[in-house]
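Topology and contacts: notes
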Amino acid sequence: MAKAVALLALCVLAFATIAQSHEEVFDVEGKVYCDTCRVMFPTRVTQYLEGAEVELRCRAIENGTVTYSVSGRSGAGGSYSLKVHGDHQDEICDVVVVSSPDPSCNEIVSEIDSTRLCLTHNSGIESAVRYANPIGFVKTEALTDCAEVLDELSFVPIELQH
Ligand SMILES: *[C@@H]1O[C@H](CO)[C@@H](O)[C@H](O)[C@H]1NC(C)=O
């Protein structure tokens, strides 16, 4: 009997630890790109930026006060990963671009400078990983291939859904 109780206690403890670690840390994954065609969405000639600074900020829905922030930098292929602690149910969380490593691609525009995330387990999403939509900077001068790239898109309208 004592053994069974001890075993039960261990299981409860193990579950509690798992539940707690799931609640406490979200892994936000995303990419930073350079909009080389100045069209506000990624195309086949989009370049992904390594070394871009990004910041995740959560604000209280009630009053807009910043309740949480964490920053990071993109690595190879423009990918970044941010660890977010805590559940952010009554907050609005966004990842925003902060600075670009490329002086020819550092224009910040509202259409692509941020993306919103849901960072709570009370939304029915069990996983602790959240995939963010790509965010980026706009290139000062569009590449010369862009006319052709956009022409291709107009023949394949489904591509625009990306
Ligand atoms: C804003 O709302 C949050 C959440 O309700 C609260 O904790 C915080 O104190 C409020 N801040 C201000 C400045 O009212």
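Just above, that's the structure.
Per chain, residue numbering runs from 1 following the sequence as it is written. Given that the model is predicted, a residue must reach a pLDDT of at least 70 before its local features are reported, and side-chain atom pairs must reach 80 or more before they are shown or counted; all residues, however, enter totals for whole chains, interfaces and linings. Excluding hydrogens and water, the side-chain figures rest on all heavy atoms present in the structure.

The next point concerns the overall build of the protein chain. Secondary structure elements are taken from DSSP: a helix is a run of H or I of four residues or more, a strand is a run of E of two residues or more, and numbering for both begins at the N terminus. Regarding its fold elements, the protein chain presents two helices and nine strands. Mapped in sequence order, the helices and strands of the protein chain form the string α-β-β-β-β-β-β-β-β-β-α. In this scheme, a residue with accessible area under 20% of its type's maximum is buried, one over 50% is exposed, and one in between is partly exposed, where area comes from a 1.4 Å probe on protein chains only. Burial statistics for the protein chain: of 162 residues in total, 36% are counted as buried. Any two residues whose heavy atoms approach within 4.5 Å at even a single point are treated as in contact. Of the contacts formed within the protein chain by residues at least 6 apart in sequence, a portion of 68% connects residues at least 24 apart. Counting every atom, the protein chain has about 9,700 Å² of accessible surface; 57% of that belongs to carbon and sulfur. Using a 1.4 Å probe, accessible areas were evaluated by the Shrake-Rupley method; residue-level cover was limited to the displayed protein chains.

Turning our attention to the state of the cysteines. The rule for a disulfide is simple: a pair of cysteine sulfur atoms within 2.5 Å. Across all of its chains, the model carries three disulfides by this definition. Here C34 connects covalently by a disulfide to C105, the sulfurs 2.1 Å from one another. Sign of the S-S torsion, about 110 degrees for the bond between C34 and C105, identifies this disulfide as right-handed. Here C34, found in strand 1 (residues 25-35), pairs with C105, found in the loop between strand 6 (91-99) and strand 7 (114-117); they are 71 residues apart in sequence, far enough to count as distant. Between the sulfur atoms of C58 and its disulfide partner C93 the distance amounts to 2.1 Å. The S-S bond linking C58 to C93 shows a torsion near 110 degrees; that makes this disulfide right-handed. Placement of the pair is C58 in strand 3 (residues 53-60) and C93 in strand 6, with a sequence separation of 35 residues.

Treat this as a map of the structure, not an account of what it does.
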